[in-house]
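What follows is each chain in one-letter form.
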Amino acid sequence: MAELFASGRIIDLILLGIALEIALLPAALRHTGSKLLPRDLLPNIIAGACLMLAVRLSLTDAPWFNIALALLLALLAHIYELWRRLKFSP
């Protein structure tokens, strides 16, 4: 189990789960009758995926600027999500 974390493979599994979530999201929203569209949730999912990527890069001793880039992408996705929520909220 320690090797799974040390190698960053645990994050690969989490990212695989996130990819599966994205693939199944449209069907899940239709099945539940939700009025949400996949594009409404994607910025949040992308921000989380970028954070997981930053963790993976940290676990594997990647250069600091790669980690900073992943964190920046997470921040931008999060800011976009907040902007959309504030812009379109009643």
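Parameters at a glance
Residues numbered from 1 in each chain as written. Predicted model: local features only at pLDDT ≥ 70, side-chain atom pairs only at ≥ 80, totals over all residues. Heavy atoms only, no water. Helix = DSSP H or I, 4+ residues; strand = E, 2+ residues; numbered from the N terminus. Rg over C-alpha atoms; globule rule 2.2 N^0.38 Å. Contact = heavy atoms within 4.5 Å. Salt bridge = Lys/Arg side-chain N within 4 Å of Asp/Glu carboxyl O. Phe/Tyr/Trp six-rings, centres within 6.5 Å; stacked < 30°, edge-to-face > 60°. Buried < 20%, exposed > 50% of the residue type's maximum accessible area, 1.4 Å probe, protein only. Expected span 1.5 Å × (residues − 1). Patch = residues over 30% accessible without salt bridge, like charges linked within 9 Å, V, L, I, M, F, W, Y side chains within 5 Å. Areas by Shrake-Rupley, 256 points an atom, 1.4 Å probe, with all protein chains shown as cover. Axes fitted to C-alpha atoms, helices over the stretch in contact; angles between N-to-C directions. Parallel < 35°, antiparallel > 145°, perpendicular 65-115°, else oblique. Left-handed = near helix turned anticlockwise from the far one by under 90°.

Digging into the overall build of the protein
- Helix and strand counts for the protein come out as four helices and zero strands.
- In sequence order, the secondary structure elements of the protein are arranged as α-α-α-α.
- For 90 residues, the compact-globule estimate of 2.2 N^0.38 gives 12 Å, and the C-alpha radius of gyration of the protein, at 15 Å, exceeds that figure by more than 25%.
- Based on the C-alpha atoms only, the size of the protein along its principal axes is roughly 45 × 25 × 15 Å.
- For the protein, restricting intrachain contacts to residue pairs at least 6 apart in sequence, the fraction spanning at least 24 positions comes to 56%.

What to know about the pattern of salt bridges
- Applying the stated criterion across every chain yields a total of four salt bridges.
- Arg9 is the salt-bridge partner of Asp12, the closest N and O atoms lying 3.0 Å from each other. Here Asp12 pairs with Arg9, and both are found in helix α2 (residues 9-32), just three residues apart, close to one helical turn.
- Between Arg85 and Glu81 there is a salt bridge, with the nearest N and O atoms lying 3.0 Å from each other.

Considerations on the packing of aromatic side chains
- This model, assessed by the stated rule, comprises two aromatic pairs.
- Judged by centre distance (5.9 Å) and plane angle (80 degrees), the ring pair of Trp64 and Phe65 falls under edge-to-face.
- Here Phe65 falls in the partly exposed class, since its relative accessible area comes to 48%.

Considering helix α4 (residues 64-88)
- With 25 residues, α4 ought to run about 36 Å at 1.5 Å a step, and its terminal C-alpha atoms sit 36 Å apart, in line with that.
- Those residues of α4 lying buried are Ile67, Ala70, Ala74, Ala77, Glu81 and Arg84.

Looking at a nonpolar patch on the surface
- On the surface, Leu69, Leu72, Leu73, Leu75, Leu76 and Ile79 cluster together to form a nonpolar patch covering roughly 530 Å² of accessible area.
- Along the chain, the position of Leu69 falls in helix α4.
- Here Leu69 falls in the partly exposed class, since its relative accessible area comes to 46%.

Notes on the packing of helix α3 (residues 38-59) against α4
- At a minimum axis distance of 8 Å, the contact between α3 and α4 shows a crossing angle of 160 degrees. Relative to α4, the element α3 lies roughly antiparallel. By crossing handedness, the relation of α3 to α4 is classed as left-handed. Contact residues: Arg39, Asp40, Pro43, Asn44, Ile46, Ala47, Cys50, Leu51, Leu53, Ala54, Leu57 and Ser58 in α3; Asn66, Ile67, Ala70, Leu71, Leu73, Ala74, Ala77, His78, Tyr80, Glu81 and Arg84 in α4.

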